[in-house]
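# Summary of structural features
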Amino acid sequence: MNGSVRIARPFGIEVRVHATFPLLLLWVAVHAARAAGAQAALGSAAFVLGLFACVVLHELGHSRVAMAFGVPVRRITLYPIGGMAAMARIPRRPREELLMALAGPAVNAVIAAALWAARGWPDLARLEPFPASAGALLDMLLLGNVLLVAFNLLPAFPMDGGRVLRSLLAQVQPYGTATAYAAAVGQLMAVAFGVLGLRHGNPFLPVMAVVLVLVARREAAAARQREWIERRRPAERMRPLRPALAPEEPLSRCPALWQATGRADFPVLFEDRVVGLMPRERWQRALRRLGPEAPVGEAMERRFYAVPADEECTEQVAALLAAHQIPIPVVRDGQAVGVLIPDEREDAARPVAATGRWTLDLGPA
Ligand SMILES: [Zn+2]
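Overview of the structure.

Rules and cut-offs
Residues numbered from 1 in each chain as written. Predicted model: local features only at pLDDT ≥ 70, side-chain atom pairs only at ≥ 80, totals over all residues. Helix = DSSP H or I, 4+ residues; strand = E, 2+ residues; numbered from the N terminus. Buried ≥ 20, exposed ≤ 12 C-beta atoms within 10 Å, placed from the backbone. Contact = placed C-beta atoms within 7 Å. Expected span 1.5 Å × (residues − 1). Pairing = 2+ DSSP bridges. Axes fitted to C-alpha atoms, helices over the stretch in contact; angles between N-to-C directions. Parallel < 35°, antiparallel > 145°, perpendicular 65-115°, else oblique. Left-handed = near helix turned anticlockwise from the far one by under 90°. Nonpolar A, V, L, I, M, F, W, Y, C, P; charged D, E, K, R; others polar.

## Some words on the overall build of the protein
Looking only at helices and strands, one finds 13 helices and 11 strands in the protein. Counting every position in the protein, which comprises 365 residues, the buried fraction comes to 36%. For the protein, the share of sequence-separated contacts (at least 6 apart) that also reach a separation of at least 24 residues comes to 63%.

Shown next as structure tokens:
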């Protein structure tokens, strides 16, 4: 899939390596071999492999927390510039996104702390450019993990630090606005990475910059679309209250109403008040049990939710519609003014609205 190969399946999560990844190993090894010989080439390749093992653990940190919040994780893919975990979605509650974002860097902080405790802080002045011994390799992995923590916590959305920023902003602002700010900061930082990379002849930073800008723009657009869907008030989405049924009408009246309107769910009105609902499934059961001449009032659903017409259409309303599959009366001043019906077209639009579903982690190159 996407030119990548599966290498492992921890916790049921597929870990894949992109086809371009061996090129990074080769590039590093050749670079080291030309500078310092075969030993250096081996050591450098071992360092890259070790560092990317830490990136996998980092992604598993994000993934396990996401799974704890009920988010399925599709796969983890390693690219030469870093790792990506593909999730079904990003947890929508700011607190959950915050914990998910922090879990990755936390894993690297634990690895760095363990190496530090075991070996002490490395003498930076004596650090060799290519690890020639196991000790030097561990020292470089310690520093590599410190860099992974520091770099990924930069507030460059959609990197971890950017997600932390978005989730903190989302505590005090609408989600879409918080995302727009975080994405703007992210794009500024991406431009800074790009300029830095070009000035220092580092080919990885400009590539990262382009990836960051593209993903940040897409996430901001997705958040705006989602906010737009949720902001629409019930009054703007509702269907007319009529045609409707009356409690004394026979059950045999329903099919004609369905055919005439193309709708399958109707409110039952008594003196302009909604007294019940008659969803199609309930009608089928009632018809078998009571026969076609039984009054609608005897078979209708009497327990139902109602939502205010002019308040924002929240996620709870969307969840109600999805879970119950029966109309929800919309009320204004105690009077029913319309119904919200479960609508397949809007459900179909939801996955499009929720495209922001990557954690993007970049190795310090
Ligand atoms: Zn991360």
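## Brief notes about helix 4 (residues 134-152)
In an α-helix, one turn spans 3.6 residues; hence positions three or four apart end up facing the same way. For helix 4, with 19 residues, the first-to-last C-alpha span of 26 Å sits near the 27 Å given by 1.5 Å per residue. Regarding helix 4, the residues found buried are Asp139, Met140, Leu141, Leu142, Gly144, Asn145, Leu148, Val149, Phe151 and Asn152.

## Notes on the pairing of strand 7 (residues 273-278)
One ladder, built from five bridges, connects strand 6 (residues 266-270) with strand 7; its direction is antiparallel. Residue pairing across strands places Val268 opposite Gly276, the latter belonging to strand 7. Between the end of strand 6 and the start of strand 7, which pair antiparallel, lie two residues, with Glu271 showing a positive phi angle near 50°.

## Description of helix 3 (residues 94-119)
Between its first and last C-alpha, helix 3 extends 38 Å over 26 residues, near the 38 Å set by a 1.5 Å rise per residue. Residues of helix 3 that are buried: Glu97, Met100, Ala101, Leu102, Ala103, Gly104, Pro105, Val107, Asn108, Ile111, Ala112 and Leu115.

## Focus on the sheet that holds strand 8 (residues 307-308)
An order of 5-10-9-8 is seen for the four strands of this open sheet, with the pairing classed as mixed. The sheet is open, and its two borders are formed by strand 5 (239-240) and strand 8, each paired with just one other strand. Across five bridges, strand 9 (residues 328-332) lies against strand 10 (residues 335-340) in antiparallel orientation. Considered in strand 10, the bridge of Pro329 is made with Val339.

## Details of the environment of Pro243
For Pro243, the position within the fold is in the loop between strand 5 and helix 9 (254-261). Classification of Pro243 by C-beta neighbours within 10 Å gives exposed; the count is 12. Separated by 25 residues in the primary sequence, Pro243 and Val268 have C-alpha atoms spaced 9.5 Å apart. Ignoring any residue separated from it by four or fewer positions in sequence, one finds Pro243 in contact with Leu257, Thr261 and Phe266.

## Focus: the packing of helix 3 against helix 4
When two helices pack together, their arrangement is given by the angle between the helix axes and the distance between those axes. As a packed pair, helix 3 and helix 4 sit with axes 8 Å apart at the nearest point and diverge in direction by 150°. Classified by the angle their axes make, helix 3 and helix 4 are roughly antiparallel. Two packed elements cross with a definite hand, and for helix 3 against helix 4 that hand is left-handed. Contacts between helix 3 and helix 4 involve Gly104, Pro105, Asn108, Ala109, Ile111, Ala112, Leu115, Trp116 and Arg119 from the former and Leu138, Asp139, Leu141, Leu142, Asn145, Val146, Leu148, Val149 and Asn152 from the latter. Residues belonging to the contact of helix 3 with helix 4 are distributed by class as follows: 12 nonpolar, four polar and two charged.

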